[in-house]
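Chain and residue survey
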Amino acid sequence: MQITDAIYKRRAVRSFQTTPVTEDLLMKLLNATIQAPSARNLQPWAFVIVEGRSLLKEYSDRAKRFLLGSLDPESPLHEYRESLADREFNIFYDAGTLVVVCARNADPQAAEDCCLAAENFMLAALEFGLATCPIGLARPWLNAPEVKRELHIPLAYTAVMPIIVGYPTSAEVPPVIRAIPEILFWKRTPVTEPVYVDRKMRRHEREPVPLRRALDSKL
Ligand SMILES: Cc1cc2nc3c(=O)[nH]c(=O)nc-3n(C[C@H](O)[C@H](O)[C@H](O)COP(=O)(O)O)c2cc1C
């Protein structure tokens, strides 16, 4: 798959088949994930993998309760209050696998590096017919100290990007329209034609061939 094809094809997918993603495939994806660039090559990522639809449904219920119990009216998550109160709503959309990209906090740029790694994960997944969706809603719950302990996330680490992954139920998901790129400033440098001069500073249209080589080619 071409890189730009993958970039354009990636969509946030919210409906999955029950077919599980194999361990072998997950390892392939994680190996692609860690090819991401990282500041000072610190590679400040670590991963938690949770498998099982019913376990993830249970985690979704716990995460929703946690969010509803701690939602600040000023929080941007407040707009999801109604969905969070809906018993049917599964924040993991019945996916069978959740991968959480975690950052070691010691490095101030760790979160950015983890986001780059997460994009690698999502693009690489397409190669194997898989689909993904980042689940920011799960983040506050995943970072609660008791949940970190349960999922073996050291307290000094942060769950940066939870991503569900699985085989999509439909082949195509309609694209979400993007606004055109907002270019704030584009300092152009005029492109000039190269100027060729010989030793006597006479201008030439093409690079002048040295006399010795010109003679040689005639022999
Ligand atoms: C950091 C982040 C958090 C997200 N959290 C959620 C989420 O909790 N639930 C969800 O359904 N989608 C979530 N999304 C997916 C976005 O809604 C989706 O990427 C956006 O609507 C654009 O659609 P596209 O990815 O198909 O282009 C998240 C995306 C990002 C980047």
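It should be noted that the structure appears before, not after, this text.
Below, the structure is looked at part by part.

Attention shifts here to the overall build of the protein. Regarding its fold elements, the protein presents eight helices and six strands. Helices and strands appear in the protein in the N-to-C order α-α-β-α-α-β-α-β-α-α-β-β-β-α. Its C-alpha radius of gyration of 26 Å places the protein more than 25% over the 17 Å reference for a compact globule of 219 residues. With the C-alpha coordinates of the protein rotated into their principal frame, the extents come out at 85 × 40 × 35 Å.

Turning our eyes to something else, we now look at the site of the ligand. The ligand sits among Arg-11, Ala-12, Arg-14, Cys-133, Pro-134, Ile-135, Gly-136, Leu-137 and Val-176. Considered class by class, the residues forming the shell around the ligand number six nonpolar, one polar and two charged.

Turning our eyes to something else, we now look at the sheet that holds strand 2 (residues 97-104). Overall, antiparallel pairing links the four strands, which are arranged 1-2-4-3 in an open sheet. Because the sheet does not close on itself, it has two edges, and the strands there are strand 1 (45-51) and strand 3 (131-134). Each strand axis lies, on average, 25° off the axis of its neighbour in the sheet, ignoring direction. When strand 1 meets strand 2, the two strands line up antiparallel, connected through seven bridges. Pairing of Trp-45 across the sheet is with Ala-103, part of strand 2.

Before going further, it helps to examine the nonpolar core. Among the nonpolar cores identified, the biggest contains 43 residues, and Val-101, Cys-102, Cys-114, Phe-121 and Ile-163 are the most heavily contacted of them. Counting only elements with at least two residues in this core, the list comes to helix 2 (23-33), helix 3 (53-70), strand 2, helix 5 (110-127), strand 3, helix 6 (139-142) and strand 4 (157-166). Here this core takes nine residues from helix 5, the largest share from any one element. When residues no more than four places from it in sequence are discounted, the contact partners of Cys-102 are Trp-45, Ala-46, Phe-47, Val-48, Ile-153, Tyr-157, Thr-158, Ala-159 and Val-160.

All right, on to helix 2 then. Two residues of an α-helix separated by three or four positions point the same way, owing to the 3.6 residues in each turn. For helix 2, every residue scored as buried is listed here: Leu-26, Leu-29 and Thr-33. All buried residues of helix 2 project into a common sector of 60° when viewed along the axis, lining one side. Residues of helix 2 that are exposed and point over 90 degrees away from its buried face: Asp-24, Met-27 and Asn-31. Buried-residue contacts for helix 2 involve strand 1 and helix 5.

Mapped onto the elements of the fold, Gly-136 is located in the loop between strand 3 and helix 6. On the neighbour-count criterion, Gly-136 (13 C-beta atoms within 10 Å) is partly exposed. Taking the C-alpha atoms as reference points, Gly-136 and Pro-162, separated by 26 residues in sequence, lie 6.6 Å from one another.

We now examine the pairing of strand 2. Taking burial as the measure, the eight residues of strand 2 include seven buried ones, the bulk of the element. Of the strand pairs in this sheet, strand 2 and strand 4 are connected by eight bridges, and their pairing is antiparallel. Bridged to Val-99 within strand 4 is Ile-163.

Taken N-terminus to C-terminus, the directions of helix 2 and helix 5 make an angle of 135°; their axes are 8 Å apart at the nearest point. The angle between helix 2 and helix 5 places the two elements in the oblique class. Crossing of helix 2 over helix 5 shows right-handed handedness. When helix 2 is examined against helix 5, the residues Leu-29, Ala-32 and Thr-33 are found in contact with a partner set consisting of Ala-117, Asn-120, Phe-121, Ala-124 and Ala-125. In the contact of helix 2 with helix 5, the residues fall into six nonpolar, two polar and no charged.

Moving on: the environment of Asp-24. Checked against the element boundaries, Asp-24 lands in helix 2. By C-beta crowding, Asp-24 is classed as exposed, having 8 other C-beta atoms within 10 Å. Sequence separation between Asp-24 and Ser-75 is 51 residues; the distance between their C-alpha atoms is 39 Å.

Next up on the list: helix 5. Its 18 residues place the ends of helix 5 26 Å apart at the C-alpha level, agreeing with the 26 Å of an ideal helix rising 1.5 Å per residue. For helix 5, the set of buried residues is Ala-110, Asp-113, Cys-114, Ala-117, Ala-118, Asn-120, Phe-121, Met-122, Leu-123, Ala-124 and Ala-125. Two residues or fewer past helix 5, Gly-129 is found with a positive phi of approximately 75°.

Scoring rules and cut-offs
Residues numbered from 1 in each chain as written. Predicted model: local features only at pLDDT ≥ 70, side-chain atom pairs only at ≥ 80, totals over all residues. Helix = DSSP H or I, 4+ residues; strand = E, 2+ residues; numbered from the N terminus. Rg over C-alpha atoms; globule rule 2.2 N^0.38 Å. Near = placed C-beta within 6 Å. Nonpolar A, V, L, I, M, F, W, Y, C, P; charged D, E, K, R; others polar. Pairing = 2+ DSSP bridges. Axes fitted to C-alpha atoms, helices over the stretch in contact; angles between N-to-C directions. Core = buried A, V, L, I, M, F, W, Y, C linked by C-beta atoms within 7 Å. Buried ≥ 20, exposed ≤ 12 C-beta atoms within 10 Å, placed from the backbone. Contact = placed C-beta atoms within 7 Å. Arc of directions from axis to C-beta. Parallel < 35°, antiparallel > 145°, perpendicular 65-115°, else oblique. Left-handed = near helix turned anticlockwise from the far one by under 90°. Expected span 1.5 Å × (residues − 1).

Everything listed is a geometric property; what it means functionally is a separate question.
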